[in-house]
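This is what each chain is made of:
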Amino acid sequence: VSLRSKRLAKRLDPAASAFLDSTLEDAGLLLDDIIGSLAHVSVLEDAKVLDATEAGRLRSALRHLFKDASEGEVPLFTEHEDVHMNVEVALTKVLGDLGKKLHTARSRNDQVATDLRLFAQRWTLETAARIRDLVESLLWLSKKHPKAVLPGYTHLQVAQPILLSFHLQAHAERFLRDLARLRDAYERLLVSPLGAGALAGTTHPIDPSISANALGFDRSFRNAADAVSDRDYLAELLFAASLALTHASGLAEEFILFTNQSFGFATIGDDYATGSSIMPQKKNPDVFEVTRARSGTLLGALVASLSGLKALPLAYNRDLQEQKRLFVQTFPLVAPNFGLLARMLRSVTFHPERMEAAANEGYGDATELADYLVRQGTPFRDAHHQSATLVRMAGQKKVPLAALTAKEFAKVNPKIGADVVKHLGPHNAVKGRKSPGSTGPAHVEAGRKQLLAELATIENFFVAAGQAREAAWMTLLGKTSKVKK
Ligand code: ARG
């Protein structure tokens, strides 16, 4: 079968052909392309472009192709330019002229846009599931360590003592927002471009809502030129993924520090650590390091995506092929990274004694002392100065604030009573936090419950979305769905 346009008198220069070819990067879209074609058959049947027998034969050939493709048995040939042409050639080999009818009322422009949305749906569901795993692991650790304290940092200098659970939940809050961003983006993925044609629709009497419904989309496009031309849904997913990995890289960086010998706050499980080829004692946190690096990879893809979309005239331009490459090569890197982090965090052992000692070393309770002075009637700015003076005195003696003598306290402010020690030290400091959203134990526990509830809501959305999609695909494949409706 020759697909080369008869308009062109010469064959394409092989170098140009190799340059333009997208077959290899399209491999991940093969199943999406076949399922999209199955939905298109129903559109053509409804429009009477195909009769029932023809539609039946096309369906059966496409279902066979899908099965073979799932088993990795459909080779793609670069001479056919892309996955769409490869599928058409494979069909025509089996069905003869009938195979050539399938491309009626369709262009590769709406076809590739459809494939990409289906591909993006699959990987968004997978990414969301794995980020959810990570949030669960964080909340599991948080529940496991309700009392452990560590220094909270600003500028990476000891700031104020906090609960480990509070710290872990701060990370969980970020990832929960990342999930919400993926959910919003997923909703916008549910618009089908199929039936837009090259850019202006078609003269055939088709109903694009048929393929939209069959593929599990919420609706079909409203404007054909928009449907084939924009890739904003890829850019926003790359943004959501970039930001999620930016959050993950912050978490990774912290764990690299916390497991460093000088901190000694935590140890990762041996099943997630690596050794050195020369230094026998080494236990390295490579997974955290590659996580930190991968956030850069996704950020690069996001910048490349937006740069590629910038200043494109309507409607389809071949530039968009590069958007596809960026997305299929980078977005699927995100989900396994989160899945691994989720498992790895559960292997972490924390060392509360070390964390508490670090909280003591840095005078993280100095604000507590200032707050105590405020309660004795000292204006805050004066209390700040007095507390700082006491920190300097304690620092010279190399003792914690609570170990200063009554005489030393009295020298700075005679109102300081013996009861001051009840407010000092990391555990007292944390217990004294009463404000909403603070590290006070009651607030942390309430926060954990709210996080769990919000996580469940988002999870329900994605589970329902995944089931709807699965059910649609099963129907198209002529299989009875395992999923209860
Ligand atoms: N391989 C192309 C892509 O990925 C498919 C669409 C080609 N359309 C065209 N008008 N040349 O974008």
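The coordinates are above.
Model, not experiment: these values are computed from the prediction.

Caption draft 1: Region of interest: helix α4 (residues 52-70). Between its first and last C-alpha atoms α4 spans 27 Å; for 19 residues at 1.5 Å apiece the expected length is 27 Å, and the two agree. Those residues of α4 that are buried lie in contact with α3 (30-46), α5 (83-95), α6 (97-101) and α20 (441-476). Put simply, aspartate 51 is the residue that caps the front of α4, since its side-chain oxygen is 3.1 Å from the backbone nitrogen of threonine 53. Of the residues trailing α4, glycine 72 is marked for its positive phi of about 75°.

Caption draft 2: Highlighting the site of the ligand. Near the ligand the following residues occur: Ser22, Asp82, His84, Arg108, Asn109, Val112, Tyr316, Arg318, Gln321 and Lys324. A distance of 2.9 Å separates a nitrogen atom of the ligand from a polar side-chain atom of asparagine 109. For the ligand, whose accessible area on its own is 340 Å², the fraction buried by protein is 85%. Listed by contribution, the elements that provide at least two residues to the shell around the ligand are α7 (108-144) and α13 (320-330). Top contributing element to the shell around the ligand by residue count: α7, with three residues. When grouped by side-chain class, the residues that make up the shell around the ligand number two nonpolar, four polar and four charged.

Caption draft 3: Structural detail: the environment of arginine 231. Within the fold, arginine 231 resides in the loop between α10 (224-229) and α11 (232-258). The class for arginine 231 is buried, based on a relative accessible area of 1%. In this structure, the C-alpha to C-alpha distance between arginine 231 and alanine 468, residues 237 residues apart in sequence, is 24 Å. Non-local contacts of arginine 231, meaning those with residues more than four positions away in its chain, are made with Val112, Ala113, Leu116, Leu309, Tyr316, Leu320 and Gln323. One polar contact links the side chain of arginine 231 to the main-chain carbonyl oxygen of valine 228, over a distance of 3.3 Å.

Caption draft 4: Inspection of the side chain of threonine 439 at higher detail. Residue position: threonine 439 is located in the loop between α19 (426-431) and α20. For threonine 439, a relative accessible area of 5% puts it in the buried group. A polar atom in the side chain of threonine 439 sits 2.9 Å from the backbone nitrogen of leucine 163. Once residues within four sequence positions are removed from consideration, threonine 439 is found in contact with Pro161, Ile162, Leu163, Phe166, Val430, Arg433 and Val444.

Caption draft 5: Quick look at the pairing of strand β1 (residues 149-154). In this structure, β1 lies alongside strand β2 (residues 157-163), joined through six bridges in antiparallel fashion. Its bridge partner being in β2, proline 151 is matched across the sheet by proline 161. From the end of β1 to the start of β2, which pair antiparallel, there are two residues, and histidine 155 there has a positive phi angle of about 60°.

Caption draft 6: The arrangement of the pattern of salt bridges in detail. Tallied over the full model, the rule gives 25 salt bridges. Here lysine 67 makes a salt bridge to glutamate 71, at a shortest N to O gap of 3.3 Å. Here lysine 67 falls in the partly exposed class, since its relative accessible area comes to 48%. On the accessibility criterion, glutamate 71 (46% relative accessible area) is partly exposed. Residue aspartate 184 pairs with arginine 183 through a salt bridge whose shortest N-O separation is 3.7 Å. Exposure remark for arginine 183: the relative accessible area of 24% places this residue in the partly exposed category. When salt bridges that share partners are traced, they join Glu126, Arg130, Arg132, Asp133, Glu136 and Glu459 into one network.

Caption draft 7: Highlighting the nonpolar core. If you look at the biggest cluster of nonpolar residues, it comprises 72 residues, and the most contacted ones within it are Leu134, Phe175, Phe288, Phe338, Leu345 and Phe350. For this core, the elements supplying multiple residues, two or more each, are α7, α8 (164-189), α11, α12 (286-309), α13, α14 (334-345), α15 (352-361) and α20. Here the element with the most residues in this core is α11; it accounts for 14 residues. In contact with leucine 345, other than residues within four places in its own chain, are Leu134, Ser137, Leu138, Leu141, Leu251, Phe255 and Phe288. Counting 35 residues, the second-largest nonpolar core is a separate cluster that includes Leu38, Val43, Leu118 and Ala212.

Caption draft 8: Representation of the packing of α11 against α12. Contact geometry for α11 and α12: axes closest at 8 Å, N-to-C directions at 155°. With respect to each other, α11 and α12 are oriented roughly antiparallel. At the point where α11 passes α12, the crossing takes the left-handed sense. Along the lines of polarity and charge, the residues of the contact of α11 with α12 split into 16 nonpolar, six polar and four charged.

Caption draft 9: Representation of the side chain of histidine 167 in the model. Following the sequence through the fold, histidine 167 ends up in helix α8. For histidine 167, a relative accessible area of 14% puts it in the buried group. Sequence-distant contacts of histidine 167, defined by excluding residues within four places in its chain, comprise Leu150, Ile162, Glu254 and Phe258.

Definitions and limits used
- Residues numbered from 1 in each chain as written.
- Predicted model: local features only at pLDDT ≥ 70, side-chain atom pairs only at ≥ 80, totals over all residues.
- Heavy atoms only, no water.
- Helix = DSSP H or I, 4+ residues; strand = E, 2+ residues; numbered from the N terminus.
- Expected span 1.5 Å × (residues − 1).
- Contact = heavy atoms within 4.5 Å.
- Polar contact = N/O pair within 3.5 Å; in protein donor to acceptor, adjacent residues only side chain to side chain.
- Near = heavy atom within 4 Å.
- Areas by Shrake-Rupley, 256 points an atom, 1.4 Å probe, with all protein chains shown as cover.
- Nonpolar A, V, L, I, M, F, W, Y, C, P; charged D, E, K, R; others polar.
- Buried < 20%, exposed > 50% of the residue type's maximum accessible area, 1.4 Å probe, protein only.
- Pairing = 2+ DSSP bridges.
- Salt bridge = Lys/Arg side-chain N within 4 Å of Asp/Glu carboxyl O.
- Core = buried A, V, L, I, M, F, W, Y, C linked by side-chain atoms within 4.5 Å.
- Axes fitted to C-alpha atoms, helices over the stretch in contact; angles between N-to-C directions.
- Parallel < 35°, antiparallel > 145°, perpendicular 65-115°, else oblique.
- Left-handed = near helix turned anticlockwise from the far one by under 90°.

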